[in-house]
Amino acid sequence: MSTKALRLGTRRSKLALAQSGRVAEAVSQVTGRPVELVEITTYGDVSKEALAQIGGTGVFVTALREALLKGEVDFAVHSLKDLPTGQPDELVLAALPEREDPRDVIVARDALKFTDLPPGARIGTGSPRRTAQLNAYARAHGLDIETVAIRGNIDTRMRFVRDGELDAVVLAAAGLQRIGRIDEVTDFLSVDTVLPAPGQGALAIECTADNADLIAALGELDDPFTRVAVTAERSLLAALEAGCSAPVGALADLLADGQIVKEMRLRGVVGTTDGSRMVQLSTTGPVPETYDQAMALGRELAAEMLAQGAAGLMGERAQ
Ligand SMILES: NCc1[nH]cc(CCC(=O)O)c1CC(=O)O
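Residues numbered from 1 in each chain as written. Predicted model: local features only at pLDDT ≥ 70, side-chain atom pairs only at ≥ 80, totals over all residues.

A few points about the pairing of strand E5 (residues 104–108)
Then, number 1: The buried fraction of E5 is high, at 5 of 5 residues.
Then, number 2: In the sheet, E5 pairs with strand E9 (residues 187–188) via 2 bridges, with the strands oriented antiparallel. Bridge pairing in E9 links Val105 to Phe188. (Buried ≥ 20, exposed ≤ 12 C-beta atoms within 10 Å, placed from the backbone. Helix = DSSP H or I, 4+ residues; strand = E, 2+ residues; numbered from the N terminus. Pairing = 2+ DSSP bridges.)

Some details on the environment of Arg227
Then, number 1: By the element assignment, Arg227 lies in helix H9 (residues 224–239).
Then, number 2: C-alpha separation for the pair Arg227 and Glu289, spaced 62 residues apart in sequence, amounts to 11 Å.
Then, number 3: Contact partners of Arg227, with chain neighbours within four places excluded, come to Leu96, Asp222 and Tyr291. (Contact = placed C-beta atoms within 7 Å.)

Observations regarding the domain arrangement of the protein
Reports often express the size of an interface as the amount of accessible area lost when the parts come together.
Then, number 1: We note that the domain assignment places domain 1 (6–97 + 201–222), domain 2 (104–188) and domain 3 (229–310) within the protein.
Then, number 2: Once you take the C-alpha centre of each, domain 2 and domain 3 turn out to be 24 Å apart.
Then, number 3: Across the contact, 9 residues belong to domain 2 and 13 residues belong to domain 3.
Then, number 4: Taken together, the residues of the side of domain 2 that touches domain 3 break down into 4 nonpolar, 3 polar and 2 charged. (Domains from an automatic or database assignment. Nonpolar A, V, L, I, M, F, W, Y, C, P; charged D, E, K, R; others polar.)

Digging into the site of the ligand
Then, number 1: In the vicinity of the ligand, the contacting residues are Ser79, Lys81, Asp82, Ile154, Leu171, Ala172, Ala174, Gly175, Gln200 and Gly201.
Then, number 2: Among the elements of the structure, strand E8 (168–172) and helix H7 (173–179) are those that each provide at least two residues to the shell around the ligand.
Then, number 3: Taken together, the residues that form the shell around the ligand break down as 4 nonpolar, 4 polar and 2 charged.
Then, number 4: Here the shell around the ligand spans two domains, since at least three of its residues come from each of domain 1 (6–97 + 201–222) and domain 2 (104–188). (Near = placed C-beta within 6 Å.)

Considering the nonpolar core
Then, number 1: Phe75, Ala168, Ile205, Leu218, Leu236, Leu240 and Val270 are the most contacted members of the largest nonpolar core, which totals 84 residues.
Then, number 2: In this view, Leu218 contacts Val27, Phe75, Ala94, Ala95, Ile205 and Cys207; residues no more than four positions away in its chain are not counted. (Core = buried A, V, L, I, M, F, W, Y, C linked by C-beta atoms within 7 Å.)

Some thoughts on the packing of H9 against helix H10 (residues 291–307)
Any two packed helices are characterised by how steeply their axes cross, that is the angle between the axes, and by the distance between the axes.
Then, number 1: At their nearest, the axes of H9 and H10 sit 7 Å apart, and the two run at 40 degrees to each other. Overall, the two elements H9 and H10 adopt an arrangement that is oblique. Here the hand of the crossing between H9 and H10 comes out right-handed. Listed contacts from H10 to Arg227, Val228, Thr231, Ala232, Glu233, Arg234, Ser235, Leu236 and Ala239 of H9 are Tyr291, Ala294, Met295, Leu297, Gly298, Arg299, Leu301, Ala302 and Ala303.
Then, number 2: Split into classes, the residues belonging to the contact of H9 with H10 amount to 11 nonpolar, 3 polar and 4 charged. (Axes fitted to C-alpha atoms, helices over the stretch in contact; angles between N-to-C directions. Parallel < 35°, antiparallel > 145°, perpendicular 65-115°, else oblique. Left-handed = near helix turned anticlockwise from the far one by under 90°.)

Details of the sheet that holds strand E1 (residues 6–10)
Then, number 1: Spatial strand order, E2-E1-E3-E10-E4: 5 strands in an open sheet with mixed pairing. In this open sheet, the two edge strands, each paired with only one partner strand, are strand E2 (35–39) and strand E4 (91–95). Strand-to-strand twist in this sheet, taken as the mean axis angle between neighbours without regard to direction, amounts to 35 degrees.
Then, number 2: Relative to strand E10 (residues 203–208), strand E3 (residues 75–79) is paired through 5 bridges, and the arrangement is antiparallel. Bridge pairing in E10 links Ala76 to Glu206.

Remarks on the environment of Val279
Then, number 1: Mapping Val279 onto the fold places it in strand E13 (residues 278–286).
Then, number 2: We classify Val279 as buried; it has 20 C-beta atoms within 10 Å.
Then, number 3: Each C-alpha atom of the pair Val279 and Leu306 lies 8.8 Å from the other, and the pair is 27 residues apart in sequence.

Some details on the pairing of E13
Then, number 1: Summarising the sheet, strand E12 (residues 260–271) and E13 pair through 9 bridges and their orientation is antiparallel. Across the sheet, the residue bridging to Val270 is Val279, located in E13.

What to know about unusual backbone geometry
Then, number 1: The phi dihedral of Asp110 falls on the positive side, at around 55 degrees, and the residue is not glycine.
Then, number 2: When you line up the elements, Asp110 lands in the loop between E5 and strand E6 (121–124).

Some points on the sheet that holds E12
Then, number 1: Strand order in the open sheet formed by 3 strands is E11-E12-E13, with antiparallel pairing between adjacent strands. Each edge of the open sheet carries a strand with a single partner, namely strand E11 (248–257) and E13. Averaged over all pairs of adjacent strands, the angle between strand axes in this sheet comes to 15 degrees, irrespective of strand direction.
Then, number 2: Across the sheet, helix H5 (residues 128–141) touches E11, E12 and E13, and the angle it forms with E12 is around 90 degrees.
Then, number 3: H9 rests against E11 and E12 of the sheet, and its axis sits at about 150 degrees to E11.

Given below as structure tokens:
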């Protein structure tokens, strides 16, 4: 096999560079080749519009995929939750490494927990999914909070709290872990309170479908359970015809009896951003033995959610 350097296409954000740096090391190990980072600016990095406005779907991804298709890079690293569900025929997700903590977290002033925020507290997030679920929890538990739409990279969002502009912000644990700021978390939100985005906490390593040698080598970095779980979650998202900026949460996890894995549970939620209406369902069954079975599980739960009116809660998204 060649000893030429492999070119890894990555966004330039601190988070993207942190995750790409780790993947570069792992890829170098399994291929025996050096890996060099090629930084690419995506529309999502330059646009100042709210993600929900610019559509969300694919804004961080398109430029990376173009570089792959043009042969400018050999593989690209994405946050799986930013990746649209429709997979182009020319590209494959050659590896989904083991997922990190999928939970959302709160970074609040004065080390406050979510439920200890004082009346009128302002919580920043740009995510309709987080907004919907925080407001639903607040309604159910008599918490008086105000969700405030914000955007920007992780550092920017955390600065709102340090500067006293907001009482708290909501972020993904995995992102903070990767940029080395997990210590600043003041509350890890239970997934019973806020169900994460489909694929949250997982990375995707993508290359062109004709690159058999590289696909085989990258396959060593794949974690089959992560793939089963996120396949079910993303199938649910696709069947709801929702994008990554829609108020959809999904999480598949294993239910174990001691050391023995018994079943997989898939949970899904859709809600209006004011939290007044939610459809939240869960299904539990044998751990899927194929990715087709995992997809079927996601479709089935989506069908049940749609039967309960999920489409009507997704706002501006296609119904
Ligand atoms: N939308 C931005 C984005 N994409 C992936 C992550 C975090 C890492 C992950 O979920 O894998 C984040 C930041 C956040 O939501 O706080």
